[in-house]
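# Results of the structural survey
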Amino acid sequence: MSRNGWLALTYHALFVTFMVAPIAVVIVVAFTPEGYLSFPTERLSLRWFYAIAEYPEFITAFWRSVWLGAVSSAIAVGFSVPAALAIARYQFAGREALTALLMSPLMIPHVVLGIAFLRFFTQIGIGGTFVGLVLAHIVIVLPFALRLTLASAIGFDRSIEQAAVSLGATETTLVRRITLPLILPGLASGWALAFINSFDEVTMTVFVAAPGTETLPVRMFLYIQDNIDPLVTSVSACVVAFTVVALVALDWIYGLERLLVGRGKEER
Amino acid sequence: MSAAVPSRAGPDEGRASLAPYLLSLPAFLLFVGIVFIPIVMTVLLSFHDWGQYKGIEPVFILKNWREVWSDGYFHEMFARTFRIAVAVTLLSAALGAPEAYILNRMRSPWRGIFLLVILGPLLISVVARTLGWALLFGGNSGVVNKALMSLGVISGPIPFMFTETGVIVALTHVLMPYMVLSVWAALQRLDPQVENAAASLGASQLTILRRIVLPQVTPGVLSGAIIVFALAASAFATPAIIGGRRLKVASTLAYDEFLNTLNWPLGAAVATLLLIALIVIIVGSNRLVERRYGEKLR
């Protein structure tokens, strides 16, 4: 494979700067000792990180986001396992349509989903509740859970199951001892990808959440709408750090490329 | 992004014809119950009447649609949404495709590291990333203006905050990973031996790029463009923060109608129109690409 020339590498450096700059600037500004936004800062201070503790709304919103992500991703995985097995193993009328339906939250604008959920939840009396948030998040993260469970269900050696059956395993034993353990890595990474997407979702959630049920991104968004100060940058810096740790862990365990492109470290 | 899943229909295909339906029933019911029905309700909502004091009246009228259709304010807003989406799509294709190619030619540790650096932002909160741009733009004396002026690219500061330019730059950054990802996926299917063969037959680097690489990654660029366009046209947080309260796009206008003005039927009409326009554009361009390249896009 030929190497990149200096022109290509210069372009690459500029491109990476473009991608990293806005994230880096948030982190740098978060360490300002001043009472206003200052960049570049001369001294570093943790002042604004301590300040987060005085604003419980960000902390409760953070824990709400964590719970919401964990619960809705787990339920989404629960729904996607049987569906993935059906899609991967059977040829049936409506199989393509079913896949398209379950993947549709990726194509429907989140603002439209947010409006639809707001109207629907208000109508059935769960508007602005945590239950409503969970239902809405199950739907928007299900495609991510489904994609990874599907990948592991397709790349599955069926002869192992046939061997188990020929050795007298019952249907229950088969599922419990063979099928589930083999697709477990796919489920775990599907859950993780679903969690990250739930944790970051703002467009749809801003419609569904009420003042008492705001998630962290929604709280941050509404705060920024009023004013931008160092406090919201330190909160953002924490969110970035949290996501980067999750991302690196996920890359290490599963491979980011396989997660996003659909092919893995092993195949490379 | 409808997945064309390779079927691995096993021996139980004929045996249990009911099984796949039973297995997929829970997910199917969930989606009918809380996706399909709410969207139909939203479309119906757009035909309802609304008044400052009487609230929503469940009648069937075309008032909201007539307003969206005839009011110049809505024309301007939809035109702006479309303009921003097109600019973001073109920019991300022009900048992202070369980067994916460069990335693909890198050696082992760097390739993985930079792939993580470029795709990673996809999973970082869009609010945090947009906040970064708001900090970088920050008025006329912002960092971006200082950098551009010291490089001699511009002579005076350009306003970025509360302008379309600013929204376009920030959105291009937010959606860029999708383009790189899509082109990267296309590049993975490309056989490097073909490039080597062309080089050994005396083709110049430029010829190889133009005659070998470009035709093969074009489907990847196009599928990336469709994704970026759809997401740019319906983006919310970035135009809301960078564009401010006055520079409205379809999604921020719908948000305003729903949560500030409380004219839900009008907001529903804007959202329905956005949904229909996007479906027509996405399905149409998918068809076009499919016919031209004879393959289904992810």
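Procedures and definitions
Residues numbered from 1 in each chain as written. Chains lettered and ligands numbered in written order. Predicted model: local features only at pLDDT ≥ 70, side-chain atom pairs only at ≥ 80, totals over all residues. Heavy atoms only, no water. Helix = DSSP H or I, 4+ residues; strand = E, 2+ residues; numbered from the N terminus. Buried < 20%, exposed > 50% of the residue type's maximum accessible area, 1.4 Å probe, protein only. Contact = heavy atoms within 4.5 Å. Areas by Shrake-Rupley, 256 points an atom, 1.4 Å probe, with all protein chains shown as cover. pLDDT = per-residue confidence, 0-100. Axes fitted to C-alpha atoms, helices over the stretch in contact; angles between N-to-C directions. Left-handed = near helix turned anticlockwise from the far one by under 90°.

### Quick word on the overall build of chain A
Looking only at helices and strands, one finds twelve helices and zero strands in chain A. When the elements of chain A are put in sequence order from the N terminus, they spell out α-α-α-α-α-α-α-α-α-α-α-α. For the C-alpha atoms alone, the extent of chain A along its principal axes is close to 70 × 60 × 30 Å. Looking at chain A residue by residue over its 268 residues, the buried ones come to 56%. A fraction of 69% describes how many contacts in chain A between residues 6 or more apart in sequence connect residues 24 or more apart. Total accessible area computed for chain A in this model is approximately 11400 Å², and 67% of it derives from carbon and sulfur atoms.

### A closer look at the confidence of the model for chain B
All names here are of chain B. When pLDDT is averaged along chain B, the result is 87, and 92% of the positions lie at 70 or above. pLDDT under 50 marks residues 1-14. Its contacts with residues more than four places away, or in other chains, come to 35 contacts. Complex prediction metrics read pTM 0.89 and ipTM 0.88.

### A word on unusual backbone geometry
Both trends apply: most residues other than glycine have a negative phi, and most peptide bonds are in trans. Residue and element names in this part refer to chain B. We note that Phe162 has phi near 60°; this positive angle belongs to a residue other than glycine. Since its relative accessible area comes to 53%, Phe162 is described here as exposed. Its identity as a non-glycine residue notwithstanding, Leu262 has a phi of 65°, on the positive side. Of the residues examined, Leu262 reaches a relative accessible area of 46% and is grouped as partly exposed.

### Looking at the packing of helix H7 (residues 164-188) of chain B against helix H9 (residues 205-233) of chain B
All names here are of chain B. In contact at an axis separation of 8 Å, H7 and H9 are set at 150° when each is read in the N-to-C sense. Handedness of the H7/H9 crossing: right-handed. Mapping the contact onto sequence places Leu171, Leu175, Tyr178, Met179, Ser182, Val183, Ala186 and Leu187 in H7 and Val213, Gln216, Val217, Gly220, Val221, Ser223, Gly224, Ala225, Ile227, Val228, Leu231 and Ala232 in H9.

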